[in-house]
Amino acid sequence: MEQNSYNPYETAQLQFDNVADKLDLDQASRQLLRQPSREYHFTIPVKMDDGSTKVFNGYRIQHNDARGPAKGGIRFHPQESVDTIKALSMWMTWKCAVVDIPLGGGKGGVICDPRNLSLSEQERLCRGYVRQIHNQLGPNIDVPAPDVMTNSQHMLWMLDEYETIVGGSYPGVITGKPVGMGGSLGRKEATGYGVIYVLREFLREKGIPISSTTASIQGFGNVAEYAARMYTRLGGRVIAVSCWNSSEGKAYTFKKETGCDIEELARIKDSFGSIDKEKALDLGYSLLPGDDWIKQEVDILIPAALENQITPAVFQNISSKVKIICEAANGPTTPDCDPLIQERGISLLPDFLCNAGGVTCSYFEQVQCNMNYFWDIEEVLNKLEHTMVKAFHGVFSLATEKELYMRDAAYTIAIKRVAEAVRLRGWA
Ligand code: NAD
């Protein structure tokens, strides 16, 4: 089956149903939690630099706010779809619950390719997005953040538009803002570092020194870069990274058997996470097809790009050396791969646990904005590490005790917490 024939929303519902069955969840809670509470679809007219007007489609979806305001990123992507955003909003609910922060789940997106938009067009798009949805956003309602192909500058334009419309200062309405403009130190590192804190704890439990391991990573954007930085800092060796080349419309894998120099690769990538092919060749990297990241003889695979990347067809190419799949992206593995992973005895560290560092730091950003007092980076990263380590051990203990697949253990904890909030509020 092709990667894009998988519907992420069906995946998210299937994963939920599977655990809801095991938990014997009541009918009303099931109905409430297997779909979003609210969905907004809107058009965004943008004046282009050449004087024409282009109309973009934007979305904001709030899955659940029983444990706190909806929280989740806004993606700019040409292949964005309502069902992807629905799935991502659901995964946000579970993500906030598994790390036990007082937030619900939401997600937004615009179908567009920011790589083909000038900075002023991107600014007008961000402002237009907020003009259409500002009534449904707020520090206590729904709090966006950056995601694929959006960054702190986009968030600041959105915040500025919101404050202009509503009047006043509302730094808690959007997270992932630039440092010095209400942003938290450590936000850019948080998701990637969080992934590696989870991986490190798992390796410790298994008695495997991280310095004896090798990894191959899909993606070299925000999450992948900082995951790679922390992994190599702890002694791991990244053999290969892959990324999208937008001018050629295809992905490449960059390989160095002796280990990629992450600093060096970061210097030759653009702001969308594409590594410069020519410069990488000059630096001695070998260039392989995009899909080859998964064929590498490594201990750990870290998908950190997009959803639906590990399908049964692709799974066949995974080397017998691979012991761990550490899901840094949201929904990188299709549900029909889960049984194959278990049969092969590969350990899976599930996405909404691994990549919860981003939303955890976003929560810290809100807390700091509320206090109007900002922590130094050590304090942020210490609190982040504490939260991720605690969440990992909660999931790992349950998985060990009940002999559960780690994805199911993470879902069990998250669904129980959200279902309890729903029950206490009298919604089910
Ligand atoms: P990003 O836009 O910074 O980077 C995406 C990377 O994926 C880029 O390097 C791009 O070249 C690469 N890519 C895209 N298609 C590819 C393909 N077919 N093959 C190989 N590489 C490809 O995005 P990001 O913020 O790093 O997010 C990555 C994933 O992590 C997404 O699933 C996102 O939802 C998830 N996530 C992000 C955050 C965050 O804080 N940024 C938090 C939680 C989860």
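Before any of the text, the structure's been laid out above.
Sequence order as written defines residue numbering, which begins from 1 separately in each chain. The predicted nature of this model means local features are confined to residues of pLDDT at least 70 and side-chain atom pairs, given and counted, to a pLDDT of 80 or more, with totals for whole chains, interfaces and linings taken over all residues. As a rule here, side-chain values come from all non-hydrogen atoms in the structure, and water together with hydrogens is ignored.

A. Inspection of the overall build of the chain at higher detail. Helix and strand assignments follow DSSP, with helices taken as H or I runs no shorter than four residues and strands as E runs no shorter than two, numbered in order from the N terminus. Scanning the chain from terminus to terminus reveals 15 helices and twelve strands. Taken over C-alpha atoms, the radius of gyration is set against a globule rule of 2.2 Å times the number of residues to the power 0.38. Since a compact globule built from 428 residues should have a radius of gyration of about 22 Å, the 20 Å found for the chain is in line with a globular shape. The principal-axis extent of the C-alpha atoms belonging to the chain is close to 55 × 55 × 45 Å. The cut-offs for exposure are 20% and 50% of the maximum accessible area for each residue type, with area from a 1.4 Å probe on protein chains only; residues under the lower value are buried, those over the upper are exposed, and the others partly exposed. Sorting the 428 residues of the chain into buried and exposed places 60% on the buried side. Working rule for contacts: check all heavy atoms of both residues, and any pair within 4.5 Å makes them a contact. Considering only intrachain contacts with a sequence separation of at least 6, the fraction spanning at least 24 residues in the chain is 72%. Two residue types count as positive, namely Lys and Arg, and two as negative, namely Asp and Glu; His and chain ends fall outside the count. Working definition for charges: the position is that of NZ of Lys, CZ of Arg, CG of Asp or CD of Glu. The averaged location of the 53 negative side-chain charges in the chain is 2 Å from the averaged location of its 45 positive side-chain charges.

B. Main features of the sheet that holds strand β11 (residues 324-326). In this scheme, strands are said to pair when DSSP sees at least two bridges between them. Taken in spatial order, the seven strands make up an open sheet running β9-β8-β7-β6-β10-β11-β12, and their pairing is mixed. Each of the sheet's edge strands pairs with one partner strand only, and the pair in question is β9 (286-289) and β12 (347-349). The sheet shows a mean angle of 20 degrees between the axes of neighbouring strands, direction not considered. Of the strand pairs in this sheet, strand β10 (residues 300-303) and β11 are connected by two bridges, and their pairing is parallel. Within β11, the position partnered with Ile-300 by the bridge is Ile-324. Orientation is described by lines fitted to C-alpha atoms, with helices fitted over the stretch in contact, and by angles between N-to-C directions that extend from 0 to 180 degrees.

C. Representation of helix α7 (residues 222-233) in the model. What a helix should span is 1.5 Å times the count of its residues minus one. For α7, spanning twelve residues, the distance from its first C-alpha to its last is 17 Å, which sits close to the expected 16 Å at 1.5 Å a residue. With nine of its twelve residues buried, α7 lies for the most part within the structure. Turning to α7, the residues buried within the fold contact α6 (187-206), β6 (214-218), β7 (237-245), α8 (262-267) and β10. One or two residues past the end of α7 sits Gly-235, with phi positive at roughly 110 degrees.

D. Structural view of the packing of helix α1 (residues 8-23) against helix α3 (residues 82-98). Here α1 crosses α3 at 35 degrees, and the two axes come no closer than 7 Å. When α1 is examined against α3, the residues Pro-8, Tyr-9, Thr-11, Ala-12, Gln-13, Gln-15 and Phe-16 are found in contact with a partner set consisting of Asp-83, Thr-84, Lys-86, Ala-87, Met-90, Trp-91 and Trp-94. Residues are grouped as follows: Ala, Val, Leu, Ile, Met, Phe, Trp, Tyr, Cys and Pro are nonpolar; Asp, Glu, Lys and Arg are charged; every other residue, Gly included, is polar. Within the contact of α1 with α3, the residues separate by chemical class into eight nonpolar, four polar and two charged.

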